[in-house]
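# Survey of secondary and tertiary structure
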Amino acid sequence: SSSQVAAARAAIALGRPAPGLPIVRVATATLGWGPLVAEAEHVTGQAAEARGDHAAAVAHYQRALYQALAARGDRAAADAALRLLWVEGFWRRQPEAADRWDREATALIAAAGDPYLAAVQEDHRGVRAALAGDLSGAAARHRRALAGLIAARGDADPATLNPRINLAVALVGLERLDEAAALLDQVRADATRLLGEGHPTLGPVITNRAVIAWRQRQYDRARADFEAALAIKEATLGPTHVGLASTLGNLAAVMAEQGEVEASLPLLARVIALVEATDAMSPRLIDPLVNLALAELELGRPTAPATTTRLVAVALRAAGDGGRADPSMFFPLVLAGWATLEAGDPRGAVRALAPLLAHPGYADAMAGEQLELVRALAVASHRGRAPRRRRAGRLARRGRL
């Protein structure tokens, strides 16, 4: 019934399971009333997304969209298109599919004449801009989205929290850390007041606040916040949800910064397993594989060559047509060279590493990453054992929604 579908949607919004959904979905399909069938498919998609089954979520959202179109429900169809845009663009990192749903959403939102959904679309576009490296453009889109949501719903609506969180993420990337910290502290207070202490929205709020503390070398504060965010996420999402990956990865990185490199290894292994369960070659594996490789190299583990081989393969897939010359390939190839050296092949390491001085990614790499290359080349050239290396400390990891 419509009341059961509404109850399921409310439970999901509160971060709670909706166990009766399969029965509700079958019952609504039997009734055959298009708008209710579309709503049941949409809510089933939300449940799939909440448990990290993104392929199932896409299938349900697509059915929701087509059922809504058949029932002439432009707003419901636009809502489903926006969920598809988010799942493909953020969770699955499939830009071509996301572009398709972005175009569909634009047309459907125009047909529905719904300024709220237009603002949500602008926020999703901001996240995509950030993922593509356009942080200034992302910040501008999040500000427009926030203004649109306030105009549509008022400034006390929980929907206004998302663009504020995403704006803070962009501000961190732009090195405007104090501004981002103040914004997140206010969002944390508002989210707690509006949604309650344990609501899933607080997970990314606390995660991103922890990233700022980490960047400001406040490691104890960062670690405590990452642990708090992880507890919220595990309580609301369960222990096997891919949404835990970013927080686990960041916690592992802070532990390594504090000298607990060995203790960080199980966390990184868990991150990789969580992401692999959704896509064995996901671009979201790159950062945890980088950190695992750094840790294994620092500890002298024999598994480092296998890790770097995997890292290069995943990074190559993400690089697309750029191949090994893509700027994003620079550091994975540096780590692969280090692994070759540690495996006892200094000449092979020199052959792998020397061309990277002219790699397209060298000039824009972080200083720590450039230093790793120079250090690896020096050690390989002298065919000596590698001295204890300072970690490059990648700062590109951020928790997101």
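So, how was this worked out
- Residues numbered from 1 in each chain as written.
- Predicted model: local features only at pLDDT ≥ 70, side-chain atom pairs only at ≥ 80, totals over all residues.
- Heavy atoms only, no water.
- Salt bridge = Lys/Arg side-chain N within 4 Å of Asp/Glu carboxyl O.
- Helix = DSSP H or I, 4+ residues; strand = E, 2+ residues; numbered from the N terminus.
- Buried < 20%, exposed > 50% of the residue type's maximum accessible area, 1.4 Å probe, protein only.
- Axes fitted to C-alpha atoms, helices over the stretch in contact; angles between N-to-C directions.
- Parallel < 35°, antiparallel > 145°, perpendicular 65-115°, else oblique.
- Left-handed = near helix turned anticlockwise from the far one by under 90°.
- Contact = heavy atoms within 4.5 Å.
- Nonpolar A, V, L, I, M, F, W, Y, C, P; charged D, E, K, R; others polar.
- Core = buried A, V, L, I, M, F, W, Y, C linked by side-chain atoms within 4.5 Å.
- Expected span 1.5 Å × (residues − 1).
- Polar contact = N/O pair within 3.5 Å; in protein donor to acceptor, adjacent residues only side chain to side chain.

Moving on, we get to the pattern of salt bridges. Tallying each qualifying case throughout the model produces 23 salt bridges. Residue Arg 176 is joined to Glu 179 by a salt bridge in which the shortest nitrogen-to-oxygen separation is 3.0 Å. Among the ionic pairs, Arg 317 bridges to Asp 279, the shortest N-O distance being 3.4 Å. In this pair, Arg 317 is assigned in helix α16 (residues 304-319) and Asp 279 in the loop between α14 (261-276) and α15 (286-299), connecting sequence segments 38 residues apart. Judged by its relative accessible area of 45%, Arg 317 falls in the partly exposed class. Each member of the salt-bridge network shares a partner with another, and the members are Glu 122, Arg 141 and Arg 144.

Our focus in this paragraph is the packing of helix α11 (residues 202-215) against helix α13 (residues 245-257). Close contact between α11 and α13 brings their axes to 11 Å; oriented N to C, the two are set at 20°. With respect to their mutual orientation, α11 and α13 come out roughly parallel. Where α11 crosses over α13, the handedness of that crossing is left-handed. In contact with Thr 207, Val 211 and Trp 214 of α11, α13 contributes Thr 247, Asn 250, Ala 253, Val 254 and Glu 257. Broken down by class, the residue content of the contact of α11 with α13 amounts to four nonpolar, three polar and one charged.

Core analysis: the largest hydrophobic core is formed by 116 residues, its most contacted members being Leu 65, Phe 226 and Leu 335. Per element, the largest residue contribution to this core is eleven residues, and it comes from helix α5 (residues 74-91). The contact partners of Phe 226, leaving out residues within four places of it in the chain, are Thr 207, Ala 210, Val 211, Trp 214, Thr 247, Asn 250, Leu 251 and Val 254.

Over its 17 residues, helix α7 (residues 115-131) extends 25 Å from the first C-alpha to the last, a length consistent with the 24 Å expected when each residue adds 1.5 Å. Here α7 lies mainly inside the structure; twelve of its 17 residues are buried. Here α7 has its buried residues at Tyr 116, Leu 117, Ala 119, Val 120, Gln 121, Glu 122, Asp 123, His 124, Gly 126, Val 127, Ala 129 and Ala 130. Elements in contact with the buried residues of α7: α5, α6 (95-112), α8 (135-153) and α9 (161-173). For α7, the capping residue at the N-terminal end is Asp 114, with a side-chain oxygen 2.9 Å from the backbone nitrogen of Tyr 116. Two residues or fewer after α7 comes Gly 133, characterised by a positive phi angle close to 95°.

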